[in-house]
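Structure assessment
Okay, here's what each chain looks like letter by letter:
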Amino acid sequence: MSVSIAIRNVSRRFGASRALEAVNLDIAAGEFVAFIGPSGCGKTTLLRIVADLEVPTSGSVLIGKDPPEAARRKRILGLVSQRPAVLPWKRAVDDVSFTQQIAGRVGFPALGLLRDFGLAGHESKLPHELSGGMLQRVNFASAIAHDPDVLLMDEPFSALDEMKREELGHWLGEELSRRPKTVLFVTHHIDEAVLLADRVVVFSPAPGQIIEELVIATPRPRASTFRRDPAFLETTARIRELLFVKGGVAA
Ligand SMILES: Nc1ncnc2c1ncn2[C@@H]1O[C@H](COP(=O)(O)OP(=O)(O)OP(=O)(O)O)[C@@H](O)[C@H]1O
Ligand SMILES: [Mg+2]
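Residues numbered from 1 in each chain as written. Chains lettered and ligands numbered in written order. Predicted model: local features only at pLDDT ≥ 70, side-chain atom pairs only at ≥ 80, totals over all residues.

**Describing the nonpolar core**
Ranked by size, the top nonpolar core spans 67 residues in total, and within it Ala 34, Leu 152, Ala 197 and Val 200 carry the most contacts. Here this core gets 6 residues from one element, more than from any other, and that element is helix 5 (residues 132–144). When neighbours within four sequence positions are excluded, Leu 152 is seen to be in contact with Leu 47, Val 50, Ala 51, Leu 77, Gly 78, Leu 79 and Leu 184. (Core = buried A, V, L, I, M, F, W, Y, C linked by C-beta atoms within 7 Å. Buried ≥ 20, exposed ≤ 12 C-beta atoms within 10 Å, placed from the backbone. Helix = DSSP H or I, 4+ residues; strand = E, 2+ residues; numbered from the N terminus. Contact = placed C-beta atoms within 7 Å.)

**Looking at the site of ligand 1**
Residues in close proximity to ligand 1 include Phe 14, Ser 17, Ala 19, Ser 39, Gly 40, Cys 41, Gly 42, Lys 43, Thr 44, Thr 45, Gln 82 and Ala 206, which together make up its full environment. Looking at the shell around ligand 1, the elements with two or more residues in it are strand 2 (17–27) and helix 1 (43–50). Sorting elements by how many residues they give to the shell around ligand 1 places helix 1 first, with 3 residues. When grouped by side-chain class, the residues that make up the shell around ligand 1 number 4 nonpolar, 7 polar and 1 charged. (Near = placed C-beta within 6 Å. Nonpolar A, V, L, I, M, F, W, Y, C, P; charged D, E, K, R; others polar.)

**With respect to helix 1**
Counting buried positions over the 8 residues of helix 1 gives 8, a clear majority of the element. Among all positions of helix 1, only Lys 43, Thr 44, Thr 45, Leu 46, Leu 47, Arg 48, Ile 49 and Val 50 are buried. Two residues or fewer past helix 1, Asp 52 is found with a positive phi of approximately 70°.

Following this line, the structure appears as structure tokens:
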């Protein structure tokens, strides 16, 4: 199952500083939308607003027919946060099962999920016994263990080497074709966004506003050979132009 998300005129200020400014976005049920934009433009803030961990200063969000608080209570959200949120006293496998206990639903058996994530042999380790990349994968596994309808992912692959990043991106693409979900995915990785998403939303520097939306029409999941496709090359070039010129990252 999957649900639509409507973001209506969302702004967020922190004291005098403006993080987000009048963001409007409709995400269809089962759509995969990637957010990309300069550091500090409010991507995490927007994701946290959808996850009910933050409130907008003005504007509103609906997940299906529910505001974020109701959606959270229904346990239909899965959040992979930018800073791994694993519990220091929980072994990897227990951290994954914990999500399932709270949700009252086993989506993916914990051991199988950890194995799929390349963590076979590490199931009983505590967070301080795992590498940063391993910890991030446990965090990811815990977030999706109850098979949520909506996946909110904040740079889920940022601590991974290029090979693991591609492997997990591939796993995610395949899994979503088996069990469709609505996905919001924050990344700084342009190729990854275009390879995985139906639509890439490009944000301006803070206060974050949507400057362009690019649709990638090629059906998902896409093979890595899609990187040579003209649609991939054109879209990545356009995003680079938007970020480097309009984003003021470099001339
Ligand atoms: N709880 C908070 N209190 C005060 N300011 C905050 C808080 N959360 C975020 N901000 C500010 O809001 C702005 C947007 O932050 P946010 O974390 O959403 O950016 P981001 O786009 O995710 O950046 P990055 O790509 O570096 O992760 C920043 O200026 C940040 O300092
Ligand atoms: Mg962030």
